[in-house]
Amino acid sequence: MNLSFWLNGVYRHEEVEPDTMLLDFLREKGCYSVKCGCETSNCGLCTVLMDGKPVLSCSMLALRAEGKKIVTMEGMQKEAEEFGAFLADEGAEQCGFCNPGFIMNIFAMENELEDPTEEEIKEYLAGNLCRCSGFVGQTRSILKYLEYKKTKKREEAEE
Amino acid sequence: MLKIKSYVKVNSIAEAYELNQKKSACVLGGMIWLKMGNRNVSTAIDLSGLGLDTVQELEDEYVIGCMTTLHDLEINKSLDAFTQGALRESLRHIVGVQFRNCATVGGSIFGRYGFSDVLTLFLAMDTWVDLYQAGRVPLAEFVKMKKDRDILQAVIVKKTPLKTVYLSQRNTETDFPVLTCAVSLIGEQPRTVIGARPGCAMVVEDKEDFLYGFTEMSKKEKTEAARRFSEYAAANVPVGSNMRGSGEYRRLLTEVLTRRAWETLGGIEK
Amino acid sequence: MSYVSKPVRKKDAMALVTGKPVFTNDLASKDCLIVKILRSPHANAWIEEIKTGTAKQVNGVVAVYTYKDVPRKRFTLAGQTYPELSPYDHYILDQRLRFVGDAVAIVAAETEAAAEKALKRIKVKYRVDEPVLDMHKAKDGKILVHPEEDWEAKIPVGADNKRNLCASGVEESGDVEKILGECKYTVDRTYHTKANQQAMMETFRTYCYKDYFGRLNVVSSTQVPFHVRRILGNALDIPSSKIRVIKPRIGGGFGAKQTAVTEIYPAFVTWMTGRPSKILYSRYESQICASPRHEMEIRVRAGADENGIVRALDVYTLSNAGAYGEHSPTTVGLSGHKSIALYRHTEAHRFAYDVVYTNVQAAGAYRGYGATQGIYAVESAINELAHMMKMDPVKLRELNMPMEGEPLPAYQDCITAPSCTMDQCMQRAKEMMNWDEKYPYKDMGNGKVRGVGVAMAMQGSSIAGIDVGGADMKLNEDGSYTLGLGCTDMGTGCDTILSQIAADCLETSIENIVVFGVDTDISPYDSGSYASATTYTTGMAVFQACQELRKKICALGAKMLEVNPEEVNFDGEFVFTDEEHKVSLKEVAIKGTCGNTQELQVTRTHCSPISPPPFMVGMAEVEVDKETGSVKVIDYAAVVDCGTPINPNLVRVQTEGGIVQGIGMALHEDVQYTEKGKIRNNSFMQYKIPSRLDIGDVRVEIRGSYEPSGPFGAKSIGELVINTPCPAIADAVYNATGVRVRELPITPEKVAMGILKQKLEK
């Protein structure tokens, strides 16, 4: 079947089987950052942005991306580097397998929540599992990153 | 593995209903459950082109389109105020935001799953389902109906004055509930719903009228009524065992959650 | 610039945080055959007939293999030094199936759909036998898991397949019964832990291909590339020289990947068909046919005198190996050795154990490796003893804890603790937790009560006299260095830590050190990343290789300066005699490429005769809902003695991660079976590892001692960190509620029903 959608800013026309899931489809198209961690929609590793909202690409038919804007980490490399630096400075990226899904969800959170508390951050990210870091290093890096973004925004506004 | 022969993004509910009469056809909700199974679906019917993914607030009711995601429900300010935060409470434990951006209210309600937080809360409100063939059916009746090939278009919540509280017990913060409890005053009518028993949510009839006139009761009377009714509920709600808990524990929880919910509804501080 | 003890960013950090394709399945070629396994639905069965004809006919299917097609040579899957203590009890495919999920047949197809279709078409006639599912009934039971004649235990460990024994033994020192009899206070308690899954985010996966030399190349998410090479040689019955194992980035291991769980399948397929193939375990498979922690039931008898001195400890461990014995004889020892050793005044101790075969999933290696279970039991027994004595459990430990230079009873790898700051750890943890004020509990007045609990822990640093660490240090012609390592970074950051050590030894910038992933063809031999050996053992190899390379650099530099090697010094930048007479590192490197017979490369292998324990104290504060039984760990304070922390960031994150895994084991992760022996917790939906909402604060501090036998004084951190939460939380719950739960996990139901029982008994 035909599928037309935006992938990381590029409008694509693809042929796809009706039962292909978005996760497998994206990896086939070279978006290797999108990982598969489970079969029960519990881990969040496969999180991508669909029209700015975080969704589980493992639970979505590729055909449902029709007309939508799909963004994976491949399309947000600069932003990933910017946040990633904070994670790396804590040593909290560890094995890295949960990183892309987790970081994409942080970008979604930035869009949706204004000035979230630590509790709100944790709740927003609850669907992103990690087995290496114990989460607290991730929280430290997010708080530092949000503070940095706030300062940056203030400085840019003053200019 | 999920196998689909053909996928149709329908242009009308009528078309969806037609296609759905075939035994191996399937209406796509959030697909969370569908993709976990090993089904061979002949026709996958996608309703996402029909604009059914919004919450319409009318004068005397909310019309929640079946394709409304659980997250959109969660952040709907009007429903949040109408339910005094109970709707949000019933949703926020469900796995994660990404999950709730996929799962739909239609899928949750039509499935009539035992573990459903959503079903428990909706059953505690003046809720109706809008089925294509059967029309508007009260939710309390719908939960008892067998699954058929009708299409659930919308979930209707009447704006009858509502006070409601939602509680659940879980082994981990984002796990399935071990027990769910929603209590409400619909107008002056008290209603108690217990779910994840592990059976499907059910209304607990107050046969002895413990809660009759609850709003007018004094604090002491409310505490007493809550205590007596919760003991009654624990003695009368059928509960069973599963991986997450024994029937005995669920009986204990029925009493605790029912009492706490009614105390909270009655404004009794701990 | 110096790097040791600094929080340096990992070398692979930016690649990981930007989602670069560096994991096994990102590297697998697109034309790989997909390998899938047909799995036994029965816990104990014999294949009477297996028909694969119609399966082979599926379009896209290249091969279907059964027990008839594989070598009849038994091997072990355990990643441990040869000769392995684990029994040789596997075939690639066997006619006997020993647990629900055991491999029945291998399918290799061009697409996943074709493989799935073929699996459905394989027709098997099973003779279903009664399984032995209860580990209490296994020893000397009439149902044998391994009745076969060609089962082999290479090393005597008390194993006997005709008795369902994987290992068995008794170790005694002093007269335990006599001393216990003299003790004023004794406890006799039994504790039960489950077969927890490591649940790393990247499941097991392996990709194989044949290169132009006709050799089998294996790219695998493994912690033990060199062991895998040997294991595959055994399994395929081919020389190991025909096998090359490459380790890319790994998405977590925690010991799961210290067993060759998946490698044998695509290796067999590629070897037979000549075509590249890969296998990706689903999360389901990673839950039911993987390599979880050994279920253990541990009985502890402990005795103390009226002054609070623990004088005797008697530990009996019943360990459930499951259907196969990888890591079974080796994990059990730690349950006694690394728990009894925490009590330095122990005059008499006994440690006895039986490791039994049963028809459930084969257990393996999981962080802590038996110490976790043993420490849960002994620390819990000691906590119960403290309560009986009405003594603060912290005080009891202050009287008995390991101290530097003092005995480590039952711990065979060091008679006394060569380095230890457990006392400082306890002191600091007390401050962090505000223990004196919070012990034992605080009723919050709103139906909730808070309690605190404490536990000490230790582990080892490598397996003494056995684990081997290798480092290959090379000066490149541009003045950079290449560090070849055989140990496996699984996200822990050992590549970086070892680079920090090298950079300091060579007095150069860490950016000047190149590290690459393990490749058994070019990397120096290393036992692999397990047993908390990497920093300590491989680190020492790196240290020694760097010292030797400095000498070689000086020798060549001296030659260039026309002086004797003893006359020069090297400061990382220059080889010099004085300000006037010097040559730069780059000049020396370039000299090495022309008219030179002096290699600027050193390989060093290190093995330590001792295994100096790292130590830690963990304190948990829980809040319990007295009616529902919900337990939340609102605060966890931990202080670690890992020796010198080479990278404090990584020490901290390892500790935080281990603590959260421990919280999962203590409160949430359960393993439940059907009557027929099928695991019910077969997904993340049913097996609940902690989410970020399930933990409160986790605070970690370091009070490192200095370990002379370790690089820059370092010991280890990798496994120690999971050992305190179970006993600390169990006692915190007891202090809060009076309910003692001795079987993990401590679920809300167990607590609520315990509180109810107390009420009714009043």
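In this text, all values refer to a predicted model and were calculated from it rather than measured experimentally.

Engineer: Looking at this model, I keep getting lost on the overall build of chain A. Mind explaining?
Structural biologist: Each helix and strand counted, chain A has five helices and five strands in total. Ordered by position in the sequence, the α and β elements of chain A form the string β-β-α-β-β-β-α-α-α-α. On C-alpha atoms alone, chain A measures out to a radius of gyration of 16 Å, which is about the 15 Å that the 2.2 N^0.38 rule sets for 159 residues. Here the C-alpha coordinates of chain A stretch approximately 50 × 40 × 25 Å along the principal axes. Residues classed as buried in chain A amount to 56% of the 159 residues present. Across chain A, the fraction of contacts at a sequence separation of at least 24, relative to all contacts at a separation of at least 6, is 61%.

Engineer: Any chance you could explain the interface of chain A and chain C here in plain terms?
Structural biologist: When the parts come together, some accessible area is lost, and that loss is often what is quoted as the size of the interface. With 42 residues of chain A at the contact, the number on the chain C side is 43 residues. Where the side of chain A that touches chain C is concerned, the elements lending two or more residues are α2 (77-90), α3 (99-112), α4 (118-124) and α5 (136-158) of chain A. A per-element tally of the side of chain A that touches chain C places α2 of chain A first, with eight residues. When grouped by side-chain class, the residues that make up the side of chain A that touches chain C number 20 nonpolar, 13 polar and nine charged.

Engineer: Quick question: what am I supposed to make of the confidence of the model for chain C here?
Structural biologist: Fine structural detail should not be taken from predicted coordinates in areas where pLDDT scores are low. Here chain C shows a mean pLDDT of 97. Residues at 70 or above account for 100%. Scored as a complex, the prediction yields pTM 0.98 and ipTM 0.98.

Engineer: Just checking my understanding: could you explain the pairing of strand β3 (residues 61-65) of chain C for this structure?
Structural biologist: Residues and elements named next belong to chain C. With five of five residues buried, β3 is to be regarded as a mostly interior element. Sheet topology places β3 next to strand β5 (residues 103-109); four bridges connect them, and they run antiparallel. Each residue of the ladder has a partner; that of Tyr-65, found in β5, is Ile-106.

Engineer: Looking at this model, I keep getting lost on the domain arrangement of chain A. Mind explaining?
Structural biologist: Residue and element names in this part refer to chain A. When the domains of chain A are assigned, the result is domain 1 (2-74) and domain 2 (76-158). Taking only C-alpha atoms, the centre of domain 1 and the centre of domain 2 are 22 Å apart. With 17 residues of domain 1 at the contact, the number on the domain 2 side is 17 residues. Residue assignment for the side of domain 1 that touches domain 2 shows that the elements contributing at least two residues are β3 (47-50) and β4 (53-56). In terms of residue count, β3 provides more of the side of domain 1 that touches domain 2 than any other element does, three residues in total. Each residue belonging to the side of domain 1 that touches domain 2 can be placed in one class, and the counts come to nine nonpolar, five polar and three charged.

Engineer: Please explain the domain arrangement of chain C as it appears in this structure.
Structural biologist: Residues and elements named next belong to chain C. Segmentation of chain C into domains returns domain 1 (28-129 + 204-280), domain 2 (295-461 + 611-761) and domain 3 (469-606). With centres defined by C-alpha atoms, the gap from domain 1 to domain 2 works out at 36 Å. Each partner contributes to the interface: domain 1 provides 21 residues, whereas domain 2 provides 21 residues. The class makeup of the residues in the side of domain 1 that touches domain 2 is nine nonpolar, nine polar and three charged.

Engineer: So what exactly am I meant to see when it comes to the sheet that holds strand β27 (residues 695-702) of chain C here?
Structural biologist: In a beta sheet, neighbouring strands are held together by backbone hydrogen bonds and run either parallel or antiparallel to one another. Residues and elements named next belong to chain C. Spatial ordering of the open sheet is given by β16-β17-β25-β26-β27, a layout of five strands whose pairing is mixed. The open sheet is flanked by β16 (441-443) and β27, the only strands paired with a single partner. Each neighbouring strand pair of the sheet contributes to a mean axis angle of 15°, computed without reference to strand direction. As judged from the ten bridges shared by strand β25 (residues 615-625) and strand β26 (residues 631-641), these two strands associate in the antiparallel manner. The residue of β26 that forms the bridge with Glu-623 is Lys-632. Where helix α18 (residues 725-737) meets the sheet, its contacts fall on β16, β17 (448-458), β25 and β26, and the angle it forms with β17 comes to roughly 150°.

Engineer: Sorry if this is basic, but what is going on with the pairing of strand β14 (residues 310-322) of chain C here?
Structural biologist: Regular strands place side chains that alternate from one sheet face to the opposite one. All names here are of chain C. Most of β14 is tucked away: twelve of the 13 residues are buried. Pairing of strand β13 (residues 295-304) with β14, which is carried by ten bridges, proceeds in the antiparallel orientation. Across the sheet, the residue bridging to Glu-295 is Asn-320, located in β14. Connecting β13 to the next strand, β14, in antiparallel fashion are five residues, including Gly-308 with a positive phi near 90°. Judged from the ten bridges that link them, β14 and strand β15 (residues 348-357) form a sheet pairing that is parallel. Pairing of Ser-319 across the sheet is with Val-355, part of β15.

Engineer: Can you walk me through the environment of Tyr-88 of chain C in this structure?
Structural biologist: All names here are of chain C. Within the secondary structure layout, Tyr-88 lies in the loop between β3 and β4 (96-97). Here Tyr-88 falls in the partly exposed class, since 19 other C-beta atoms lie within 10 Å of it. Between the C-alpha atom of Tyr-88 and that of Lys-154, which follows or precedes it by 66 residues, the distance is 7.6 Å. Sequence-distant contacts of Tyr-88, defined by excluding residues within four places in its chain, comprise Arg-74, Phe-75, Thr-76, Glu-152 and Lys-154.

Reading the values: rules and limits
Residues numbered from 1 in each chain as written. Chains lettered and ligands numbered in written order. Predicted model: local features only at pLDDT ≥ 70, side-chain atom pairs only at ≥ 80, totals over all residues. Helix = DSSP H or I, 4+ residues; strand = E, 2+ residues; numbered from the N terminus. Rg over C-alpha atoms; globule rule 2.2 N^0.38 Å. Buried ≥ 20, exposed ≤ 12 C-beta atoms within 10 Å, placed from the backbone. Contact = placed C-beta atoms within 7 Å. Nonpolar A, V, L, I, M, F, W, Y, C, P; charged D, E, K, R; others polar. pLDDT = per-residue confidence, 0-100. Pairing = 2+ DSSP bridges. Domains from an automatic or database assignment. Axes fitted to C-alpha atoms, helices over the stretch in contact; angles between N-to-C directions.

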